[in-house]
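# Summary of the model geometry
Here are the chains, one letter per residue:
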Amino acid sequence: MESAVKERPMQSSKPRRGATAEEMSARQKEVSVSEFFVKNRHLLGFDNPRKALLTTVKEAVDNSLDACEEGGILPDIAVIIEDLDPRRPATSKSSRYRVTIIDNGPGIVRKQVENIFGRLLYGSKFHRLKMSRGQQGIGISAAGMNGLITTGRPMVIHTKPSAKQAAHHLELAMNTKTNRAEVTLDKETKDFPPERFRAISAGTKQLSAEGTFLSPEVFATGTSVSIELEGKYQKGRGSVDEFLELTAIANPHARIIFVPPSRTTQEEGDDLLPGTSAAAAQEGKKEAPAQTSETGGVVVYPRGVQELPPETKEIQPHPKGIELGILLQMLKDYEASEKGTLYDFLQTRFCRVSASTASKFCSAIGVTSRTKAADVEPPDVEKLFKVFEDERLAPPPTDCLAPIGVRQLLAGLLKGVKAEFYAASTREAAVYRGRPFQIEAAIAFGGDLPADQSARVIRFANRVPLLFQQSACSSFKAVEETPWKNYAMQQPRGSLPVGPLVVMIHMASVWVPFTSESKEAIADYDEIRKEMKLALMECGRKLGTYLRKRQKMRRESERRDVFERYIGEIAKALNAITNEDAKRLYDALLEQARKKTAVADQQLDEDGKVVREDDDDFDDEGVILVPTAIAPIEQSAPIAPISFEPVATSKATSKATSKATSTTTSKTKSNAKAVGVKKSSAPSASMVSETSATKSHPAIVTKKELAERRESNASSSSKPDNSQKPQKSQKTSSSGSSKPFDDNDPRLF
């Protein structure tokens, strides 16, 4: 056995030679930011064709709005999407589009065109603490980079910074290796805005003839950007249509014209906000907000207000909003540029630090006000940082923010959402990590909104709609945590309220903490979510007051219905006792009933007061009611007609009636006085017997007497006396064969 076992020969293997440090260092190289984002385009919002098209429009529109506002110009923006492959098969998942955005802003000087459109992380908004839509300097250049990668076509730019000079026409592409632009065409032209867009469709031709589309007078200066890309145009949620609609709501001072492509796709079950304008429901108002319109397929979002947002000012960092490493770097920069004292550094490089506070900081770390910033050692800087944390300082100024405002929030919602009740609220400015921010909320209720679905939440950050990552956004979580049941709304546990409701939340800040570079959701800071909930609760209280008043109106309407059902028989009974005119009694009692239930006829404001016709649409409390959009209160079944006939009693009941009359005389007098009837003496037995001579039906009818009456009517053809007409112009019984009461009439007992 042992001899049969053959030992395997040992295999001689050489040890694997690893890379040396020199070889590894030779492989290392710098990666440009553009090269990084080419491989990670999903971080910027270009992760699928549909979203890529939306992101391209979004970045260009944001830049246009910022440029117009900074230049003090009311924005006029045209968004044009051309389908370059309309004959593609129906199964195609994407197509090639050309997206063009034209604005009437101040334009761009020639030497900055390559940097703005051809370099990532280049801009003027990153370092300044001032509210703006753009923050990182990535958006429009990243859109051009995505178009270059998907189609190989460069960006086409027209810019006209001066109304008296020709426009610049450039075509440029980004070199992703160097993060620099390469210009392939550069010339001057007088064709601005480009003439061909005025005849691109039947709708643009009509609007151009009316002078409302790309008018040379309106677009005396401005910028036009065209980008070709692979994308997908589809209506519904998360579409270009929704983005522009919400942008028009948050920016009522802007006028936006949208020219969609010739071939579109409708997403089933994903409609936009219902209606185009609730202002159309306010008939008779002198200054109703403008209505969104469509002409030949071209959608026009009109300007709702004629005032620009307030101009914002740049502020310095707040001492409580920086970290230790940032403080060290700020000191180094100050030493290199100004070489001043620590005392001056604290006052010039921070907000809310006065001369006395700066002197106090210097004393706290053991230096004087004359100590140079360069002489401060790192341990002293760490002490200074701790002093910042312990010291009580005023919050940063808020003139760096430009909130939408209650009036403009309501104007935007009126323009975009068709409802019956609108409420808005703007909170006072708050601080997170030393950065000021302001929360605004608005709600729209009723009208054409679906009543059996969850509430619609629309989110904004610095006036820019956020369309994706809703569940990860602090705004959405704040809506879920708001106790909507306290405001007469249905709300399943841990979810959105159910009902005809649209909730709008806007955050204005010098630096919005987005969850990603694509700016799709707001990070969930406790300070931010708390302010959002407080703003929503303020709007909810206004809605709850309104709904409770509506419920009271409904109860009063039902109460009036009960009065009207029995008031006619009461009048007949009083007529039988007092011999007063039954119709007069009925009118007096009806007037009292309507007076007691007058709430049912009111048009309410948020305080339950009657809305007058001459009231202004916008009130100081941030509430708007559209009376014609309010659903009418449901009425009960119509009441059977009432006929007031002379009361007659039979001989058998004459004595009983006479006896009852004497005991009820005083009570009857007081009742007649209460309803405004003139006093009269109680009828005597002889008067009752006189009225008994005329055969008539009793004032109060029982079912047994109704059966006897039918038998007598069948054998007799006599007609009842109709000398007194009923109050209402309704049909009454005119023949003996017809019956004035039904078996199920509630007046029968």
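This structure is a prediction, so every number in the text was calculated from the model and none was measured.

## Considerations on the sheet that holds strand β5 (residues 180-189)
What the 9 strands build is an open sheet, ordered β5-β4-β3-β6-β2-β1-β7-β9-β8; its pairing is mixed. Strands at the two margins of the open sheet, each flanked by one partner only, are β5 and β8 (293-295). Taken pair by pair, the neighbouring strands of this sheet meet at an average axis angle of 20°, ignoring direction. Relative to β5, strand β4 (residues 167-175) runs antiparallel, the two sharing 9 bridges. Bridging from a neighbouring strand, His169 pairs with Lys187 of β5. Relative to the sheet, helix α3 (residues 49-70) contacts β1 (76-83), β2 (95-103) and β6 (222-231), its axis offset from that of β2 by approximately 10°. Its contacts with the sheet place helix α6 (residues 202-210) against β7 (255-259), β8 and β9 (298-301), and it is angled at close to 45° to β9.

## Considering the packing of α3 against helix α7 (residues 240-250)
With their axes 9 Å apart at the nearest point, α3 and α7 run at an angle of 25° to one another. Put simply, α3 runs roughly parallel to α7. Handedness of the crossing formed by α3 with α7: right-handed. Taken together, the residues of α7 that come into contact with α3 (itself represented by Leu53, Leu54, Val57, Lys58, Val61, Asp62 and Leu65) are Val240, Phe243, Leu244 and Thr247. Looking at the contact of α3 with α7 residue by residue, the classes come out as 8 nonpolar, 1 polar and 2 charged.

## Focus: the pattern of salt bridges
Scanning the model with the defined rule gives 31 salt bridges in all. Across the salt bridge formed by Lys58 and Glu59, the nearest N and O atoms sit 3.8 Å from each other. When sorted by exposure, Lys58 lands in the same class as Glu59, which is buried. For Glu82, the salt bridge identified is with Arg196, shortest N-O distance 3.0 Å. A residue pair is termed long-range when its members are at least 10 positions apart, and Glu82 in strand β1 and Arg196 in the loop between β5 and α6 qualify at 114 residues. Taken together, the shared-partner salt bridges connect Lys477, Glu481, Asp524, Asp526, Arg529 and Lys533 into one network.

Procedures and definitions
- Residues numbered from 1 in each chain as written.
- Predicted model: local features only at pLDDT ≥ 70, side-chain atom pairs only at ≥ 80, totals over all residues.
- Heavy atoms only, no water.
- Pairing = 2+ DSSP bridges.
- Helix = DSSP H or I, 4+ residues; strand = E, 2+ residues; numbered from the N terminus.
- Axes fitted to C-alpha atoms, helices over the stretch in contact; angles between N-to-C directions.
- Contact = heavy atoms within 4.5 Å.
- Parallel < 35°, antiparallel > 145°, perpendicular 65-115°, else oblique.
- Left-handed = near helix turned anticlockwise from the far one by under 90°.
- Nonpolar A, V, L, I, M, F, W, Y, C, P; charged D, E, K, R; others polar.
- Salt bridge = Lys/Arg side-chain N within 4 Å of Asp/Glu carboxyl O.
- Buried < 20%, exposed > 50% of the residue type's maximum accessible area, 1.4 Å probe, protein only.

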